[in-house]
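# Examining the three-dimensional arrangement
Spelled out from the first residue to the last, the chains are:
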Amino acid sequence: MHMQNISAHLIDGKAFAAGLRQQIAADVARLQASHDCVPGLAVILVGDDPASDIYVRSKARQTMSVGMRSFVHRLPASTPQAELLDLIARLNADEQVHGILVQLPLPRHIDVSKVLDQIDPHKDVDGFHVTNIGKLAVGRHDGFIPCTPLGCLMLLRAERKDLSGLHAVVIGCSNIVGRPMAQLLLRENCTVVITHLATHDVAAETRRADIVIVAAGHPGLVRRSWIKPGATVIDVGINRVHDQTGSHIVGDVAFNEVAEVAGAITPVPGGVGPMTIACLLHNTLQAAQKGIETGNGQA
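Report on the accompanying structure. (Residues numbered from 1 in each chain as written. Predicted model: local features only at pLDDT ≥ 70, side-chain atom pairs only at ≥ 80, totals over all residues. Heavy atoms only, no water.)

## A look at the sheet that holds strand β7 (residues 211-214)
- Within the open sheet, the six strands sit side by side as β1-β11-β8-β7-β5-β6. Their pairing is parallel. If you trace the sheet from one side to the other, it starts and ends with β1 (9-10) and β6 (191-195), each paired once.
- Two strands pair when backbone bridges link them, and strand β8 (residues 232-235) and strand β11 (residues 264-265) are joined in this way by two bridges, in the parallel orientation. Looking at β11, one finds that Thr-232 is bridged to Ala-264.
- Each of β1, β7, β8 and β11 touches helix α6 (residues 147-160); the most contacted strand, β8, lies at about 160° to it.
- Against the sheet, helix α7 (residues 178-187) makes contact with β5 (167-171), β6 and β7, and its axis sits at roughly 170° relative to β5, the strand it touches most. (Pairing = 2+ DSSP bridges. Helix = DSSP H or I, 4+ residues; strand = E, 2+ residues; numbered from the N terminus. Contact = heavy atoms within 4.5 Å. Axes fitted to C-alpha atoms, helices over the stretch in contact; angles between N-to-C directions.)

Below you can see the structure in the form of structure tokens.
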């Protein structure tokens, strides 16, 4: 990553996430002292996808590092759907488990919607249950927000303070990032445009934007000419590319050229990525606190 021509402020997601985890660890300690409650996060991994395995190990390590309990359930790829649904039902009833996360993708024979619907919405710390997605869509504040969009919003708020009235373009309309991100920006009173594969001229949309959030899974998609000078650019992309110097992780933004015109930009790696797990821990802490408020909190 050559940084000689960068005029943009680099948004340090790694440092922000470290501060957030520190705050969460302090809140976890207080919760244990005041209510004898230790937040617990259960992660289910079906199959042996190497990338998923790395994510699950990282989630377990960071969960324990803030003083929470980590429960990891590893199931073979051949696990019948009914068996996975039974496990989720048991975790829904387990008072030591405040958050449940099923690592995606799942094997093809398993219906993702059925699995996500099985999770108790009060334990759905990934924010993918239709109840939580619905709450977000109608502007309610009492559901769980998907972790990556929540992390993006935290970084944006730290950078721009008041987002009200800003023109925001979200590139990509997945249920995991694009759609909930757009809903969050609407909630912040932004003017929001979502672009996707059928959009005729994405660059024409982004050139008007004060905020550009890219989650397209396409390395180097966003170029310098796409960005209004001074815009804030949040790059959610994580792509592995190979060139003559070896293998690299890059985002969906052509970083070197965009950083010359943007006002602020997230690097890849070290931008949005670290925020995702920190926000998962944030949601798990919230789940434990809500459990106590409703009389369900247990040690």
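## What about the pattern of salt bridges?
- Enumeration according to the criterion identifies 11 salt bridges in this entry.
- Between Asp-142 and Lys-135 there is a salt bridge; the shortest N-O distance is 3.6 Å.
- Several salt bridges share partner residues, and in doing so they unite Asp-53, Arg-57 and Arg-74 into one network. (Salt bridge = Lys/Arg side-chain N within 4 Å of Asp/Glu carboxyl O.)

## Digging into the environment of Gln-183
- When you line up the elements, Gln-183 lands in helix α7.
- Judged by its relative accessible area of 26%, Gln-183 falls in the partly exposed class.
- Spatially, the C-alpha atom of Gln-183 lies 5.9 Å from that of Ala-137, the residues being 46 residues apart in sequence.
- Beyond its immediate sequence surroundings of up to four residues, Gln-183 is in contact with Leu-136 and Ala-137. (Buried < 20%, exposed > 50% of the residue type's maximum accessible area, 1.4 Å probe, protein only.)

## Regarding the environment of Gly-127
- Relative to the assigned elements, Gly-127 resides in the loop between α4 (112-118) and α5 (130-137).
- Assessed through its relative accessible area of 0%, Gly-127 is described here as buried.
- Along the chain, Gly-127 and Ile-145 lie 18 residues apart, while their C-alpha atoms are 4.9 Å from each other.
- Look past the residues within four positions of Gly-127 in its chain and what remains in contact with it is Asn-132, Ile-133, Phe-144, Ile-145 and Pro-146.

## Structural notes on the packing of helix α1 (residues 13-35) against helix α10 (residues 273-293)
- Two elements in contact, α1 and α10, have axes separated by 9 Å at closest approach and are oriented at 20°. One way to sum up the angle between α1 and α10 is to call them roughly parallel. At the point where α1 passes α10, the crossing takes the left-handed sense. Of the residues in α10, those touching α1 at Gly-13, Lys-14, Phe-16, Ala-17, Leu-20, Arg-21, Ile-24, Asp-27, Val-28, Leu-31 and His-35 are Pro-274, Met-275, Ala-278, Cys-279, Leu-281, His-282, Leu-285, Ala-288, Gln-289 and Ile-292.
- Split into classes, the residues belonging to the contact of α1 with α10 amount to 14 nonpolar, four polar and three charged. (Parallel < 35°, antiparallel > 145°, perpendicular 65-115°, else oblique. Left-handed = near helix turned anticlockwise from the far one by under 90°. Nonpolar A, V, L, I, M, F, W, Y, C, P; charged D, E, K, R; others polar.)

These figures come from the coordinates and say nothing about function on their own.
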